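What follows is each chain in one-letter form.
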Amino acid sequence: MRLVARPSGPIRSPDMGRVRPPGDKSISHRALLFGALADGVTTIDGLLESEDVLCTAAAMRAFGAGVTRSASGRWTVVGRGAAGFAEPAGPIDFGNSGTGVRLTMGAAAAFPIKVTYTGDASLSGRPMGRILDPLALMGARWSARDKGLLPATVHGGALRAIAYESPHASAQIKSAILLAGLGADGQTSVTEPRASRDHTERMLRAFGAEVRESTGADGRHTATVKGGARLRGQPIAVPADPSSAAFLAAAALIVPGSEVILDDVCLNPLRTGFFDTIADMGGGAETIDVRDAGGEPVGTLRVRAPQRLRGAAPPEARAASMIDEYPILSALAAFADGETTLSGAAELRVKESDRIALMVEGLHACGVDADERPDGLVIHGRGPGGVPGGATVRTHGDHRIAMSFLILGLGAQAPVVVEDAEMIATSFPGFADLMRSLGADISEA
Ligand code: S3P
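Reading the values: the criteria
Residues numbered from 1 in each chain as written. Predicted model: local features only at pLDDT ≥ 70, side-chain atom pairs only at ≥ 80, totals over all residues. Heavy atoms only, no water. Pairing = 2+ DSSP bridges. Helix = DSSP H or I, 4+ residues; strand = E, 2+ residues; numbered from the N terminus. Axes fitted to C-alpha atoms, helices over the stretch in contact; angles between N-to-C directions. Contact = heavy atoms within 4.5 Å. Near = heavy atom within 4 Å. Polar contact = N/O pair within 3.5 Å; in protein donor to acceptor, adjacent residues only side chain to side chain. Nonpolar A, V, L, I, M, F, W, Y, C, P; charged D, E, K, R; others polar. Salt bridge = Lys/Arg side-chain N within 4 Å of Asp/Glu carboxyl O. Buried < 20%, exposed > 50% of the residue type's maximum accessible area, 1.4 Å probe, protein only.

Asks: I'm lost on the sheet that holds strand β18 (residues 370–373) in this one. Help?
Replies: Backbone hydrogen bonds hold the strands of a sheet together, and the pairing may be parallel or antiparallel. Here 3 strands make up an open sheet; going across it, the order is β17-β19-β18 and the pairing antiparallel. Looking at the sheet topology across the chains shown, the edges are occupied by β17 (337–342) and β18. Pairwise comparison of adjacent strand axes, ignoring direction, gives a mean angle of 10° for this sheet. Bridge count between β18 and strand β19 (residues 376–382): 4 bridges; the pairing is antiparallel. Its bridge partner being in β19, R373 is matched across the sheet by G376. Of the strands in this sheet, β18 and β19 touch helix α10 (residues 355–365), which is tilted by about 165° from β18.

Rendered as structure tokens:
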């Protein structure tokens, strides 16, 4: 399916009411997974019912957990607890979801079962050795296509604890190893070059596990779990996803006269680099309130279109806290005065697509100068009203690339068409409808 975004009038919450972006994807996967591992019942409110998360729900059923939906966003998981994961009858298909497959590989490796994992074309091109190699150090056995691509089969059980030095600031790697460590003998630790999102650590504590964390003077971060912990089912309220909120905020920053109020957004400091960067650009969000909800800071944000945005060069240390927001920041930077340099994010090459290459290609197609760098890109902003648009953009089926160029199209001089727009449902079901309700002119091309 192709969608077209046309130059639009102001983006506004209806009657200046509040808009709730969809539930957080990272927390939704974890709620299902931890619920399946735990003793007893986990109730989840506000689960993101996106295709990625539904793959994880199906996977947990395949391991023998009771996973049911009683109303929109309201799910119940009856965990396996002491019985452990059962061996699935067949391969588990994780579709497009890197988080789902990687975290599940780690969790399931703690049990004496054989599991085969598959995924779509994008997921089948993404590196799994970064999970499989440390699991092998813990004693799991695996085989995979081309030594590290899906389909992959893992035989788990009888794991030993390790102290793992991760080459990447990656919550997927960290979480997979910590979850495997829950079933290992002794203390398992993961040290990463910078702290990545810590939803796993927060939620493990809420479920009753012991997790320690420390940060060195050089910014290196270590998280440690003790093996043998028994998790207890919990009620979980999933906050709105700051990565999805970023698209709504960017639309409001790009289209003159806009204002949106975003409710219930997860404001975990390891997720809010986008909001720090828009503040650097002169378009900061106003935080209306912040509260604690189930171990995560959650709040309401107001975003208004500024007169002008300026280019920025966010520090590399911020990269992990906005890793999924580079595409939308790149689109936003096209409307700023001057250059924006986005760096420190070589990981973008192995996301759902090579996001650096695709953003540069799409910006060029839309008449915006951008230079590709190994670990990021430089966008030469064209100022308010200065983005030509008028192009069809290739997305390689990447949901965040598709949404980024639709938002760009709202503020461009001529419509922008994106391909493979159905993939938006992997993280933001109802994106086009919600944008239309705020005044965006987005329709099927
Ligand atoms: C995620 C971690 C991030 C992010 C992904 C979700 C998670 O990946 O890109 O969308 O839920 O743990 P890495 O931490 O591997 O970079």
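Asks: Would you explain the site of the ligand in this entry?
Replies: Around the ligand sit S26, R30, T99, S170, A171, Q172, R197, I323, D324 and K351, and those are all the residues in its vicinity. Take R30: an N or O atom from its side chain is 2.7 Å from an oxygen atom of the ligand. Contact distances for the ligand include 2.7 Å between an oxygen atom and a side-chain N or O atom of K351. Its residues assigned to classes, the shell around the ligand shows 2 nonpolar, 4 polar and 4 charged.

Asks: Explanation requested: the pattern of salt bridges in the structure shown.
Replies: Two side chains that carry opposite charge are able to pair once their charged atoms sit near each other. This structure, assessed with the given rule, holds 33 salt bridges. When the shortest N-O distance is used, the salt bridge between R291 and D264 registers 2.5 Å. Of this pair, R291 sits in strand β15 (residues 286–293) while D264 sits in strand β14 (residues 259–266), and the two are 27 residues apart along the sequence. The residue R355 makes a salt bridge to D324 at a minimum N-O spacing of 3.8 Å. Pair noted here: R355 is in helix α10 and D324 is in the loop between β16 (296–304) and α9 (326–333), with a separation of 31 residues, a long-range link. Note on accessibility: R355 and D324 belong to one class, buried.

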